[in-house]
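Fold and geometry: a report
If you want the building blocks of each chain, they are given just below.
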Amino acid sequence: MPWHARLRNVFRAERLSEELDSEFTFHLAETVDRLVAEGVPEQEAWRQARRRLGNYSIQKERTRDMNVAGWLDAGRADLSYGLRQLKLNPGFAAVAVLSLALGIGANTAIFQLLDTIRLRGLPVKDAWQLATIVRDGNNFFTAGSYSSREEAFTHAQMEELGKQQQAFSEMLTFWPTRFNLSAAGRSRYAEGLLVSSNFLNVLGVAPLVGRGFAAEDDKVACSSAPVVLSYGFWQREFGGNLNAIGKTISLNGHRFPIGGITPASFFGVEPGQRFDVALPLCADNVFAKDGKGRVFDRMAYWLTPIARLKPGWSVERASRHVGNLSAAIFRETVPAEYRPDFVKSYLKNKFKAVSASAGVSALRRQFANPLWILMAITGSVLLIACANLANLLLARASAREREIAVRQAVGASRPRLLMQFLTESLLLAAAGAVFGMCLAQVLSRTLVAFLNTTGNPIAVPTDLNWHVFGFLAGLAIVTCILFGLAPAIRASGGAPGAAVHGARTSTATRERNGLRRTLVVTQVALSLVLLVAALLFSRSLQNLLATNLGFDSHHVLVASVTASGLGLENPERRKVLFRELEERIDSLGGVTSAAPVGFAPFSGYGWNGNVHAGDDPARTGGKESWFNRVGPRYFATMGTPLLAGRDFTHHDDLGAPKVALVNQAFAKKFFAGKNPVGKSFRVEELAGKADSVYEIVGLVGDTRYNGLRDTELSIAFFPVDQDGQPGTGAGFVIRGRESLNSLETAIQRETMQLNSNLLVDFRVLDVQIRQSLLRERLMANLSVAFGILAGCLSTLGLYGVMSYIVARRRNEIGVRFALGASRSNVYRLIARDAAMMVAAGLLLGVAASLLLSRYAESLLFELKARDPVSLILAGTLLAITAAIATLLPAARAARLEPITALREE
């Protein structure tokens, strides 16, 4: 029957029934006439004709099944029946929907983060054509600005690549930064981009209002270059006023005219980060203290490229192409300041192209691997929930065996029964998906708020796009199949006669309980894997928190002061200004002590180089060390012990011999752990400069530099007063006696009294340290929560199966009692049954944990991925909960009265 005829039958079911009746009557009469013509008596002819044509009702149903009307009618009936069944069992329905909602909601929440930072394409024209260049190697040396991003390059390298490459139609470059919106007082920041003039054109983004960048905007002197604002920033700062175009905005103390506004959908090129203000690259020269920014610095690795592939070019082909160009480009861009050994290593580098359809993101590098692990964890929780539901549905199917047998006896086919059971499962899965979607929105917003920090705000949309809807629909279908298919097959596969005559004994065999046992074993195995992961991540976090920082971070405030734009070109004038500010801060009543610092701990900034012990002028064999500049009383302020020698004083200035304090790791690395006070070391300088030689005047305890994972990091400290090229800003660490909030107000007041144009920014050191552990806290908190949930679900699953088995074996237990078995024998029988399932699950879980733990190794600290303590603790915890889950069913079986059990049979 053609599809349009079937479709017509949907809307004329009564007429279809009449046609079928008429057609059957016609064929019946025709058969009777033929039999009568052959000499068969009329009454016998009618009987034979009916036998030949078969059961009219069945034939009519088969005919109806061949059209859409029958399918829709059957589906409607199944849905109606499924809803009635769930309404009759509200407790079961509530448990099922809640279990699914927890699993689906958790998976969807993690997927939303993954989708944003890794999977979703940029909201630009033909994002699939975009590619970026990364470093294939790490042989970059610089004494200038440096970015740890693997996509960061110098301006010279990008210019030379643009001249020689043939793979891209056009290439943009950008650098993410922050702009201070305040002209004076407390700093207020906007997320910014310095971009090449073709930034919007390459991406295919047209301004919503005003204009974008033009080639003439990107000039060497571009203090009047226009800025482009994001839609969100325009709404937030200017209320969406169109008159904002042409007005000026203050960025880092300089005013720029507003040229245009980008569309609301465009957030930039970094998923998880939204830009507020974009400026041409040449603005970096405006912000530089000498008017020459990183555009001219061949050692400044800061620019990230994004290019659009030419038609016919793939990312793989482009990667081979730029890789072949690498040698020539690096030869052309060797910095004049590089020494011969630096040049030799520098020339080993290669370019590599990778897809940028989803943008480039530091957030992706930091959280992509943890999110994949969390996705696997939440997926395992969902599998455990599905196993629980499958066991519950198996139990319900066993209780409905008589009903199913009657349905089969009156003509219901096995596919028809399968469809009915799967429809009930689909209703549960759909309800779980709906509630899971609501839960996912709450979890997503909670996760984003957890990952957001003051210094590094992230922007992850939690909207329900088609990716999320597709994922939800897929989860609903998969879960429906996972927990609904096996019970449906088992329920519809029994013999009707056996079920009608003895529904209880037909399922009481070990063979019929095998699937339930397998599901319990799977639950226990998955729960063990999740508990091991929870213990590994939580113990790793504890190890990090217990790490000796080398200083006391409590009640320490970090203040960053900027004097740019004050006309203080003379370094000595800046030093006098900052010295006076230090004295004013130190004299405040709530301050215990204060000291200048170049790089505050955990600030994310650093300085390193090669060091030689002694003053041997040899240029080879140097070892890496980290450096910092600090003022007098820095170590006393931070609570770092001075182990030998003396602290810095203000007499350690440019006119005095160069001195340094070193930590214990430095002494161990360069002086075999001996007291280094009185000895000297050299720091390698660039070509054309003599190496700097420092005398060690003090030894201090080891301290962390930029993270809690910095173990045994060798650090040399130099006096801030011996800095020959101080910047336009200064940092201070301040230990307070009282509330740090009131201390911030007092320091800001002193700063404004000293010079009203000074900009000041504050960070609480304890908060900064906690924020440095966001990834570890995320993994520990979520893995523990999901591990506990998995353990509870598997415990409930074991309890349910054991209760069911005890209920189905009541007759057998009664017979055992009648034959002389003691209650302890029965208790051991049930406990042994549960112990075998738990033991099998634990063995499988241990094997899976040992196999999978290597994927989490990079996230652990001072802990092996195959940690035996975590395995033993997780196994013991599961064994204890399993014993508790078995206790009640076993006790119920031991208390069973034999007469009662035998009478029921």
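Residues numbered from 1 in each chain as written. Predicted model: local features only at pLDDT ≥ 70, side-chain atom pairs only at ≥ 80, totals over all residues. Heavy atoms only, no water.

Some details on the overall build of the protein
- When its secondary structure is counted, the protein shows 28 helices and 22 strands.
- Residues counted as buried form 51% of the 905 residues belonging to the protein.
- Contacts spanning at least 24 positions in sequence make up 80% of the contacts within the protein whose residues lie at least 6 apart.
- Per element, the accessible surface of the protein, about 41,500 Å² overall, is 58% carbon and sulfur. (Helix = DSSP H or I, 4+ residues; strand = E, 2+ residues; numbered from the N terminus. Buried < 20%, exposed > 50% of the residue type's maximum accessible area, 1.4 Å probe, protein only. Contact = heavy atoms within 4.5 Å. Areas by Shrake-Rupley, 256 points an atom, 1.4 Å probe, with all protein chains shown as cover.)

Points about the side chain of T132
- The residue T132 is located in strand β1 (residues 130–135) in this model.
- Using a relative accessible area of 2% as the deciding quantity, one classes T132 as buried.
- A polar atom in the side chain of T132 sits 2.5 Å from the backbone oxygen of P305.
- The residues touching T132, leaving out its near neighbours within four places in the chain, are E151, T304, P305, K352, A353, V354, A356 and V360. (Polar contact = N/O pair within 3.5 Å; in protein donor to acceptor, adjacent residues only side chain to side chain.)

A short note on empty space enclosed by the protein
- A complete count under the given rule lists six cavities of 30 Å³ or more for this structure.
- A volume near 110 Å³ is recorded for the largest cavity.
- As for the largest cavity, its lining consists of 14 residues, and the residues nearest its centre are P601, N628, Y634, T703 and R704.
- Those elements that place two or more of their residues in the lining of the largest cavity are α20 (634–638) and β20 (715–719).
- Residues that form the lining of the largest cavity fall into these classes: ten nonpolar, three polar and one charged. (1 Å grid on protein atoms, 1.4 Å probe; cavity = no way out; pocket = protein on both sides within 12 Å on 5 of 7 lines; lining within 4 Å. Points joined across faces, edges and corners; volume = space filled by probe spheres on them. Nonpolar A, V, L, I, M, F, W, Y, C, P; charged D, E, K, R; others polar.)

A closer look at the nonpolar core
- Within the largest apolar cluster, 120 residues are counted, with the highest numbers of intra-cluster contacts made by F483, F537 and L798.
- Per-element tally for this core: the top contributor is helix α13 (residues 362–399), with 17 residues.
- When residues no more than four places from it in sequence are discounted, the contact partners of F537 are I373, M779, A780, S783, A856, L859 and L860.
- By size, the runner-up hydrophobic cluster in this structure holds 27 residues, among which are A225, L229, L251 and A283. (Core = buried A, V, L, I, M, F, W, Y, C linked by side-chain atoms within 4.5 Å.)

Description of the confidence of the model for the protein
- For the protein, the average pLDDT comes to 81, and 84% of its residues sit at 70 or higher.
- For the stretch residues 142–147, pLDDT sits under 50, and the model shows 19 contacts to residues farther than four places along the chain or on other chains.
- Note on residues 502–509: pLDDT is under 50 here. Beyond four places in sequence and across chains, it has 19 contacts. (pLDDT = per-residue confidence, 0-100.)

Side note on the pattern of salt bridges
- Taken as a whole, this structure holds 18 salt bridges when the rule is applied.
- Between R633 and D586 there is a salt bridge whose closest N-O contact spans 2.6 Å. Of this pair, R633 sits in the loop between β15 (623–630) and α20 while D586 sits in helix α19 (residues 571–586), placing them 47 residues apart in sequence.
- On the basis of relative accessible area, R633 is assigned to the partly exposed category, the value being 35%.
- The exposure class assigned to D586 is partly exposed, which follows from its relative accessible area of 26%. (Salt bridge = Lys/Arg side-chain N within 4 Å of Asp/Glu carboxyl O.)

Description of a nonpolar patch on the surface
- A contiguous nonpolar patch, built from I477, I481, L485 and I489 and spanning about 330 Å² of accessible area, is present on the exposed surface.
- Looking at where L485 falls in the secondary structure, it is placed in helix α16 (residues 466–492).
- For L485, a relative accessible area of 33% translates into the label partly exposed. (Patch = residues over 30% accessible without salt bridge, like charges linked within 9 Å, V, L, I, M, F, W, Y side chains within 5 Å.)

Here we look at the packing of aromatic side chains
- Inspection of every chain in the model, using the stated rule, returns 25 aromatic pairs.
- The interplanar angle of 75° and the centroid separation of 6.4 Å between the aromatic rings of F551 and F602 together place this pair among those described as edge-to-face. Of the two residues, F551 is situated in the loop between α18 (510–545) and β12 (556–562) and F602 in the loop between β13 (591–597) and β14 (608–613); the sequence distance between them amounts to 51 residues.
- The class of F551 is buried, set by a relative accessible area of 9%. (Phe/Tyr/Trp six-rings, centres within 6.5 Å; stacked < 30°, edge-to-face > 60°.)

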